[in-house]
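Reading the structure
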Amino acid sequence: MPSPAPTAAPALPHARTGPIPGSRLGRIDAAVHLGFAVLIVASVVRYVMRHSAQDNLLVLALAAAACALYAVIAVLAQRRRPWALWMFVLVAVWAVLVVSAPSFAWCSFALFFLCRIAFTGAVAYAAAGATAAATAAGLFRLSDGTDLAMLLGPLAVGVLLTLIYDRIEHDAAEQRRLHSEVSLAQGQLAASERRAGTIAERERVSREIHDTVTQGLASSLLLLEAANRAWPEPASRQDLRQATELLRRNLSDTRSLVHELASPGLDASPLPDALLQAAALYVPDARLLVTGEPRAVAAEVRHALLRVVQSAAANIKLHASASTTTITLGFLPDAVTLDIYDDGTGFDPAAVAPPSDAGGYGLRAMRQRVEQLGGAFSVESAPGEGTVVAAQVPVKHLPVKGEE
């Protein structure tokens, strides 16, 4: 089966303009050129030694013409210039030469491969077949028409070489196809990874903004509205102070997010104190209970727990109307647990509206934070019965004791 046609000369659609770079066929070119040079020299020497000077002139002229044409073809092919027309001339000159002087029949091997490199499709088979037929005619003439093997041998070799060359071309085309598919798959995988990375980063940023800026602004707005309704009562001043503190903390969180900081304003304190401080921004009377022996946890675990407490406390402030909020931090041998309980109005977790411009990101963001660390997250609540937000995150033992 012929190989796919590469770039062709303008007037010859079935001709190649040069060797095939990067393929097995392209690497054959040098061997073909070298083989032709060796065989043509050997054939000239053999012919001169076996024939008189009068016989040599025409044959040597044809041989010189064939060499010149071959050199022109080699140069044009190297420079990626059209050379198919020259190949037709070379085949014609060679046919006359090999019929006139069968001593040059050995060069037919190089010429056969050159024809297959030069052309594709039916033209390639015709050129290679003409070379084999001329060689067979020359050798049959050398035997005075008595040796049938001289006639059939070159034709059989031509068929055999054609099958071998077709197989080489087929394998090379298959290799190029597989390489193209692998390159395409790698490109698609890289694009998919980039898209996944972009989506993950957007999710991360949306969680950070929701758990800090959005929750803080919503709580500040609630406090300011309460202060406006109670003004000028003394309670309004307390609401204003708390709203001011929340806005100041939101400003600090926003600046920290811009600078890619992990837990703004809370990293220096022990984990229990940091959790209580995060909850007190929204629920000042929240209580903290610690079970197990406190120990250091990884930064990503600490950050996730802080954000879960912060988001849950903001939800209690905005929606629960709770009188009691209790945070329980538990240290297990291979995990850290966190439970946030409030005795507020409660809700039906199955009926929570999907995220929208009006909100609804809190529980999803908390769940994503915990599950990305290999943990488990759950919400237990019912209308009028309060709410429990629970998280359990696996942790690795850190070599350094104390909080980060």
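It should be emphasised that the depicted structure is a prediction, and the values quoted were computed from it without experimental measurement.

This next bit is on the overall build of the chain. Scanning the chain for helices and strands turns up ten helices and seven strands. Buried positions account for 39% of the 404 residues belonging to the chain. In the chain, once contacts between residues fewer than 6 apart in sequence are set aside, the share between residues at least 24 apart is 70%.

Each strand in a sheet pairs with its neighbour through backbone hydrogen bonds, running either in the same direction (parallel) or in the opposite one (antiparallel). With mixed pairing, the five strands of this open sheet are ordered in space as E3-E4-E5-E7-E6. Edge positions in the sheet fall to strand E3 (287-291) and strand E6 (376-381), since each has one partner strand and no second. With strand direction ignored, the average angle separating the axes of adjacent strands in the sheet is 10°. By the bridge criterion, eight bridges tie strand E5 (residues 335-342) to strand E7 (residues 387-394) in an arrangement that is antiparallel.

With respect to the helices and strands, the residue Glu245 is situated in helix H7 (residues 234-258). Residue Glu245 is classed as partly exposed on the basis of its relative accessible area, which comes to 32%. Along the backbone, Glu245 and Ser220 are 25 residues apart, and their C-alpha atoms lie at a distance of 8.7 Å.

When pLDDT is averaged across the chain, the result is 76; 74% of the residues are at 70 or more. Here residues 17-25 scores under 50 on pLDDT; set against residues more than four positions off or in separate chains, the count is 28 contacts. Within the model, the stretch residues 261-266 combines pLDDT values under 50 with 18 contacts to residues more than four positions away or in other chains.

Look at helix H3 (residues 84-100): 25 Å from first C-alpha to last across 17 residues, which is about the 24 Å you get at 1.5 Å a residue. Of all the residues in H3, the buried ones are Ala84, Met87, Leu90, Val91, Val93, Trp94, Leu97 and Val98.

This brings us to helix H9 (residues 299-320). Here H9 contains 22 residues, and its C-alpha end-to-end distance of 30 Å stays within 8% of the 32 Å for a straight helix at 1.5 Å per residue. Counting buried positions along H9 gives 16 out of 22 residues, so the element sits mostly inside the fold. Phi turns positive, to about 55°, at Ser321, one or two residues after H9.

Scoring rules and cut-offs
- Residues numbered from 1 in each chain as written.
- Predicted model: local features only at pLDDT ≥ 70, side-chain atom pairs only at ≥ 80, totals over all residues.
- Heavy atoms only, no water.
- Helix = DSSP H or I, 4+ residues; strand = E, 2+ residues; numbered from the N terminus.
- Buried < 20%, exposed > 50% of the residue type's maximum accessible area, 1.4 Å probe, protein only.
- Contact = heavy atoms within 4.5 Å.
- Pairing = 2+ DSSP bridges.
- Axes fitted to C-alpha atoms, helices over the stretch in contact; angles between N-to-C directions.
- pLDDT = per-residue confidence, 0-100.
- Expected span 1.5 Å × (residues − 1).

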